[in-house]
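# Understanding the architecture of this molecule
As a plain string of letters, each chain reads:
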Amino acid sequence: MGTQKKFDLLVAGGTLVIPGTGVVKADVGISNGRVRAIGDDLGAAEETVDAAGKLVLPGVFDPHVHIGIERSFEEEAETETRAALIGGVTTIGIFLRSASKSYLDDLPGFRSAMDERSYVDSIFHPQIFTREQIAEIPLYAENYGIRSFKFYMSGLPGVVDSITDDLLLEGFRTVAALGPDAVTCVHCENGALVDQARASLKQRRSGGTLADWAEAHPPEAEALAIQTAAFLARLAGAHLYVVHLSSLDGMAAVKAARQAGTRLTVETTTPYLGLTSDDSNGFLIKMVPPIRAKAHGDALWFGVADATIDTVGTDNTSRSLSTKRPEAGLHGSKPGLPALGTHLPVLLHYGRLRGIPLEVLVDCATRAPATVYGIYPQKGTIAIGSDADLVLVDPDLERVVNATDLNGMSDFSPFQGKTLRGWPVMTIKGGTIAVRDGRLVAPSAGRYLPRPARGNAACGRLTPDSALTP
Ligand SMILES: [Zn+2]
């Protein structure tokens, strides 16, 4: 036995990006899975990682992930979180869908899948469709530490039902009664406008292009639904979290809703920030809401820059080419994209091209969502006492996106063929080096994170000024 070293692991010489603190050159000392010291000359460690020339970020928290859409929940709990971890994502928020009316039947299985097979930590957001499920919300909170719930104002025909406004209000009131920290996540599209647009498009066009698909889910349907959800959230005193904002019109609606006093957090996704409807991958990137024309993506980037948008997730819905069927065209191909493995490189690549400060990009993907969902500062930062989930990024590394390298179940990526600059080269999960140069080097060690009630509400983004402290 040698002499006792001060730390288990030392990450030395890297450039830390810490939301709210800034960009600082410092070492990070880690023991027993947590960050124990940040600074210079921290002392000896059992193992030292040379992070010179690398960015050291908090492990990414992707708050918007679907698991078990194509294969079983258990299988994707392993394959998709493996892709996540390699891509620098160390915690995910999963939108659950129960096969039965009550989540009480399925929550034990969901939880054990994430405890036993996942490479990343997770929180749950059950998707609420029925009055029975609304009545059980307090039980989901009490028994499983769930503080966030999702509602679909417009479902997908044959896949997900829409919720009516009366049930939405009842759901908001029930979630709000849990306490100020509880969150209502809403897929904001007006169902009637979407149904009408889809029917009309079906009559007019069969072959079509990806740009035509954007007409099936028009931006005004998103804007109108945000107005409705915001009004109902104010009535109920609920915290409204708009998932996957996709349009210019939606941006205007969230600004107005904030001015009217809605407690509001706004999320967009890296596919919306990185792709446009004229993309050469065509129906391979079919999505709901759709990938839209460039003006919408530009508006979303302005929203990231000026903190209208708080968080960035993926809406990861892994599929393989055999079920995606891009060749089936406008009406036949399936929506849904695998996006966990490219989440961080896409954010860094396109964000830096647009001149968005690193701290802002990192805030949207780490601290801001962790704060909203009540897992900060355990997650979402690099601070004494927080979990030692870190990702080391080579800011200059350029790679062409290739599905095989991403290591999920999908045989395609919506970004395939694109060259992105800025890739993770190491992921440290709970103080253990888990990924090195794109390869897993540790067994899965993810845990489901029950969330206690906090009694206080948390807002999303740092203001642009406070995020820019050097
Ligand atoms: Zn989603």
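Quick note: structure is the one above.
Quick caveat: nothing in here was measured; it's all calculated off a predicted structure.

The helix and strand tally for the chain stands at 17 helices and 20 strands. Over its C-alpha atoms the chain spans a radius of gyration of 21 Å, differing by no more than 12% from the 23 Å that the globule rule assigns to 470 residues. For the C-alpha atoms alone, the extent of the chain along its principal axes is close to 75 × 45 × 45 Å. Counting the 470 residues in the chain, one finds 61% classified as buried.

With that out of the way, let us pick up the coordination of the zinc ion. The protein atoms that coordinate the zinc ion are His64 (NE2), His66 (NE2) and Asp315 (OD), at distances of 2.0 to 2.1 Å. For the zinc ion, all donor residues lie on one chain, and their spacing in sequence is H-x1-H-x248-D. Highlighted residues: His66 in strand β8 (residues 60-66) and Asp315 in the loop between β15 (311-313) and β16 (316-317), separated in sequence by 249 residues. Asp315 shares its class with His66; the two are buried.

Core analysis: the biggest nonpolar cluster contains 104 residues, and Leu107, Phe124, Phe172, Leu240 and Leu245 have the highest contact counts within it. If you tally residues by element for this core, the top one is helix α7 (residues 219-236), at 8 residues. Among the domains, domain 1 (7-56 + 386-410 + 419-440) and domain 2 (59-377) are the pair contributing at least three residues each to this core. Counting residues in hydrophobic clusters, the runner-up holds 19 residues, among them Leu9, Ile30, Ile382 and Val425.

Here the focus is the sheet that holds strand β9 (residues 89-96). Strand order in the open sheet formed by 4 strands is β10-β9-β8-β16, with parallel pairing between adjacent strands. Both edges of this open sheet fall to β10 (121-126) and β16, since each of them pairs with a single strand only. Here 2 bridges tie β8 to β16, and the two strands are oriented parallel to one another. Opposite His66, over in β16, you have Thr317 as the bridge partner. Contacts from helix α1 (residues 73-86) reach β8 and β9, with the element oriented near 145 degrees to β9.

Analysis parameters
Residues numbered from 1 in each chain as written. Predicted model: local features only at pLDDT ≥ 70, side-chain atom pairs only at ≥ 80, totals over all residues. Heavy atoms only, no water. Helix = DSSP H or I, 4+ residues; strand = E, 2+ residues; numbered from the N terminus. Rg over C-alpha atoms; globule rule 2.2 N^0.38 Å. Buried < 20%, exposed > 50% of the residue type's maximum accessible area, 1.4 Å probe, protein only. Donors = N, O, S within 2.8 Å, 3.2 Å for Na, K, Ca; no water. Core = buried A, V, L, I, M, F, W, Y, C linked by side-chain atoms within 4.5 Å. Domains from an automatic or database assignment. Pairing = 2+ DSSP bridges. Contact = heavy atoms within 4.5 Å. Axes fitted to C-alpha atoms, helices over the stretch in contact; angles between N-to-C directions.

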